[in-house]
Amino acid sequence: MSEPEFSSRNPPPSNRQLLILLAIFGGFIIATIAALWFLFEQLVWLIPPQFEQQLGRLVVPAFERQAKPSATQTTLNQLLDGLETHLDSKQENREYQVLYIPDSTINAYALPGDRIIIYQGLLSQVESENELVMILGHELGHFAHRDHLRGISRSLFIQTILSLFFPNVGSLESFAAALSSAQFSQSQEKQADEFGLTLLQENYGHVAGATDFFERIKAEEREDKIAFLQTHPPSQDRIKRLEKLIQKRGYELDKRSPLPASLTTLD
Ligand SMILES: [Zn+2]
């Protein structure tokens, strides 16, 4: 068999030039996308918290209606205030607040607008103050890292900006639903766990209780039924990662603090 005149290894010069042009063009497109992505990531830090609070106005009222102002909610907010003293000055303009919802759902999450939702179902599982502080710290981590803003696509941004200028533009319900069901990426969850662990250490001088909640729901083998796990990574992965981090940072474990009285009998 004779070789073709031009093997694929050695295309004629015109083809090769075309390939080089295509490669340059492709590279240019990829570099532009990467640059825009990087820029977008950096822009997140320039967006004032007021913008997030504006976003919150679309979703928070529905949760406020379900929330129960009670001794439980007051105590949760006192705990949160204590944690806020450890936050850096970048977060001075935030208005963090817990909304306690008396519902059996086992979940907690951060809503845009500086609100942390805690359901009775989750609270009734928690056995120490440390464990609860870890959960609150994790949610504060989502705010500190501006995770809500990162999770929202640009089109939703545009819709929000429009709504600021044209409040009656309507069709915001689907947007609100997208916002409140927003799932964070694995790496965002990992960073929020790290943030929670750091706050736990700063609050107590040790990190006992860091993995308690995940251990409990894992042990109960009910993972698939727990809403918390539909919005968060598997417990086993988180426990392993946290244990590694505790070892690496040389954190110590000490006695857990009991839950405040108003959190043992929930109202
Ligand atoms: Zn999370």
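Bear in mind the structure is a predicted one, so any value in this text is a computation, not a measurement. (Residues numbered from 1 in each chain as written. Predicted model: local features only at pLDDT ≥ 70, side-chain atom pairs only at ≥ 80, totals over all residues. Heavy atoms only, no water.)

Asker: Sorry if this is basic, but what is going on with a nonpolar patch on the surface here?
Answerer: A surface patch of nonpolar side chains, amounting to about 440 Å² of accessible area, comprises Phe-25, Phe-28, Ile-29 and Ile-33. Within the secondary structure, Phe-28 sits in helix 1 (residues 13–43). (Patch = residues over 30% accessible without salt bridge, like charges linked within 9 Å, V, L, I, M, F, W, Y side chains within 5 Å. Areas by Shrake-Rupley, 256 points an atom, 1.4 Å probe, with all protein chains shown as cover. Salt bridge = Lys/Arg side-chain N within 4 Å of Asp/Glu carboxyl O. Helix = DSSP H or I, 4+ residues; strand = E, 2+ residues; numbered from the N terminus.)

Asker: Would you mind going over the packing of helix 9 (residues 186–204) against helix 12 (residues 235–249) with me for this structure?
Answerer: How two helices pack is summed up by the angle between their axes together with the distance between the axes. Packing of helix 9 against helix 12 brings their axes to within 11 Å, and their N-to-C directions diverge by 45°. It follows that helix 9 is oblique to helix 12 by the angle criterion. Two packed elements cross with a definite hand, and for helix 9 against helix 12 that hand is right-handed. On helix 12, the residues touching Glu-189, Lys-190, Asp-193, Glu-194, Leu-197 and Thr-198 of helix 9 are Arg-238, Arg-241, Leu-242, Leu-245, Ile-246 and Arg-249. Classifying every residue of the contact of helix 9 with helix 12 gives four nonpolar, one polar and seven charged. (Axes fitted to C-alpha atoms, helices over the stretch in contact; angles between N-to-C directions. Parallel < 35°, antiparallel > 145°, perpendicular 65-115°, else oblique. Left-handed = near helix turned anticlockwise from the far one by under 90°. Contact = heavy atoms within 4.5 Å. Nonpolar A, V, L, I, M, F, W, Y, C, P; charged D, E, K, R; others polar.)

Asker: Is there a simple way to explain the packing of aromatic side chains in this structure?
Answerer: One pair of aromatic rings is described through two measures. These are the centre distance and the angle between the planes. Tallied over the full model, the rule gives four aromatic pairs. Note on Phe-63 and Tyr-109: the rings are 6.0 Å apart at their centroids and 85° apart in plane angle, and the pair reads as edge-to-face. Of this pair, Phe-63 sits in helix 2 (residues 49–66) while Tyr-109 sits in strand 2 (residues 108–111), and the two are 46 residues apart along the sequence. Ring centres 5.1 Å apart and planes at 40° place the aromatic pair Tyr-96 and Phe-143 in the tilted group. Of this pair, Tyr-96 sits in the loop between helix 3 (71–84) and strand 1 (97–101) while Phe-143 sits in helix 5 (residues 129–144), and the two are 47 residues apart along the sequence. (Phe/Tyr/Trp six-rings, centres within 6.5 Å; stacked < 30°, edge-to-face > 60°.)

Asker: Sorry, what's going on with a positive patch on the surface here?
Answerer: The grouping of Lys-190, Lys-240, Lys-244 and Lys-248 at the surface amounts to a positive patch. Broken down by element, the positive patch gets its largest block of residues, three residues, from helix 12. With respect to the helices and strands, Lys-244 occurs in helix 12. (Lys, Arg positive; Asp, Glu negative; His and termini not counted. Charge placed at Lys NZ, Arg CZ, Asp CG, Glu CD.)

Asker: Where do I start with unusual backbone geometry in this structure?
Answerer: Trans is the common state for peptide bonds, and a negative phi is the common state for residues other than glycine. A positive phi is found at Asp-114, a non-glycine position, where the angle reads about 60°. When you line up the elements, Asp-114 lands in the loop between strand 2 and strand 3 (115–119).

Asker: Could you clarify how one ought to interpret the nonpolar core in this entry?
Answerer: The nonpolar side chains of soluble globular proteins are, as a tendency, buried together. Ile-118, Leu-122, Leu-132, Leu-136, Leu-140, Leu-197 and Phe-213 are the most contacted members of the largest nonpolar core, which totals 43 residues. Top contributing element to this core by residue count: helix 5, with eight residues. For Phe-213, the contacting residues outside a window of four places in its chain are Ile-106, Leu-122, Gln-125, Val-126, Glu-131, Ile-135 and Phe-228. One finds Ala-67, Leu-99, Ile-101 and Tyr-109 within the second-largest nonpolar core, a separate group that totals nine residues. (Core = buried A, V, L, I, M, F, W, Y, C linked by side-chain atoms within 4.5 Å. Buried < 20%, exposed > 50% of the residue type's maximum accessible area, 1.4 Å probe, protein only.)

In short, geometric facts, not functional conclusions.
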